[in-house]
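# A structural walkthrough
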Amino acid sequence: MSDFTFWDVVRNLLTGLQWTLALSLVAFIGGGVIGLLVMVMRISKRALPRNIARTYIELFQGTPLLMQLFLVFFGVALAGVEISPWMAAAIALTLFTSAYLAEIWRGCVDSIANGQWEASASLALNPLEQLRYVILPQALRIAVAPTVGFSVQVVKGTAVTSIIGFTELTKTGGMLANATFEPFMVYGLVALGYFLLCYPLSLSARYLERRLHASA
């Protein structure tokens, strides 16, 4: 294994795992905030915000994440602004995530019967209050599974960011595999790392669904 011991490999992979986790959290939290705003625009009764939101969603859903990474990383550099691989990865993955979350949540909101909107309107609530107090609590129960499912895709999607030089778990694994000449062992540990990040998300989804349905 060259000059690397097994624990040297594990220690380096844990560092890559930390960066993968950090990028996933930034992308999901930032994407959630932007996605919620885009979702509200998407269900607006006004044509302008609705069309802007639809175009935004279609743009990021209709183009590969890899291309979006290149455009952010190299496009900003062409404008004369230096940007690190970490920053480019965070921006691109956040925008990508926001578009998908907006559409997931829009579908969950649209699944709520129109009668709920009409009933909340009879309580003299404005549209945002109807959404906050009546519609979103019901849509939340529907949104848990697809939202958590997509969060798993976000974690695994961080692997693409290695193409612009961001050293996350997959990039770290590739460098260690080349240095140790032990690709099976190294990539086996990389796979284990992704599993350790993603499996708790699946467990949390089941827990949240049970809690939400029990309180319904």
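Rules of the game
- Residues numbered from 1 in each chain as written.
- Predicted model: local features only at pLDDT ≥ 70, side-chain atom pairs only at ≥ 80, totals over all residues.
- Heavy atoms only, no water.
- Axes fitted to C-alpha atoms, helices over the stretch in contact; angles between N-to-C directions.
- Helix = DSSP H or I, 4+ residues; strand = E, 2+ residues; numbered from the N terminus.
- Parallel < 35°, antiparallel > 145°, perpendicular 65-115°, else oblique.
- Left-handed = near helix turned anticlockwise from the far one by under 90°.
- Contact = heavy atoms within 4.5 Å.
- Nonpolar A, V, L, I, M, F, W, Y, C, P; charged D, E, K, R; others polar.
- UniProt positions renumbered as here; feature names shortened; annotations may be inferred.
- Buried < 20%, exposed > 50% of the residue type's maximum accessible area, 1.4 Å probe, protein only.
- Salt bridge = Lys/Arg side-chain N within 4 Å of Asp/Glu carboxyl O.

### Details of the packing of helix α5 (residues 114-121) against helix α6 (residues 127-157)
Here α5 crosses α6 at 135 degrees, and the two axes come no closer than 10 Å. Judged on the interaxial angle alone, α6 and α5 are oblique. Between α5 and α6 lies a crossing of right-handed hand. Counting all contacts with α5, which are made through Gln116, Trp117, Ser120 and Ala121, the residues of α6 involved are Pro127, Gln130, Leu131, Val134, Ile135 and Gln138. Split by residue class, the contact of α5 with α6 holds six nonpolar, four polar and no charged.

### Re the UniProt feature "domain: ABC transmembrane type-1" (unreviewed entry) in the protein chain
The residues that UniProt annotates with the feature "domain: ABC transmembrane type-1" (unreviewed entry) are residues 17-205. Across residues 17-205 one finds 82% helix and 0% strand; the C-alpha atoms that close the span lie 22 Å apart.

### Describing the side chain of threonine 20
Mapped onto the elements, threonine 20 comes out in helix α1 (residues 6-42). Overall, the relative accessible area of 0% leaves threonine 20 in the buried class. Beyond its immediate sequence surroundings of up to four residues, threonine 20 is in contact with Val155, Thr158, Glu168, Leu169, Tyr194 and Leu197.

### Structural notes on unusual backbone geometry
In this structure, phenylalanine 181 takes a positive phi of about 60 degrees despite not being glycine. Within the secondary structure, phenylalanine 181 sits in the loop between α7 (169-180) and α8 (183-215).

### Focus on the pattern of salt bridges
Here the structure, examined in full by the defined rule, presents four salt bridges. A salt bridge links glutamate 103 to arginine 42; its shortest N-O distance comes to 3.9 Å. With a gap of 61 residues between them, glutamate 103 in helix α4 (residues 85-110) and arginine 42 in helix α1 connect regions that are remote in the sequence. A salt bridge links arginine 106 to aspartate 110; the shortest N-O distance between them is 2.7 Å. Within this pair, arginine 106 and its partner aspartate 110 are both found in helix α4, separated by four residues, close to a single helical turn. Given the relative accessible area of 46%, aspartate 110 is considered partly exposed. Connected through salt bridges with shared partners, the residues Arg42, Glu103, Arg106 and Asp110 form a single ionic network.

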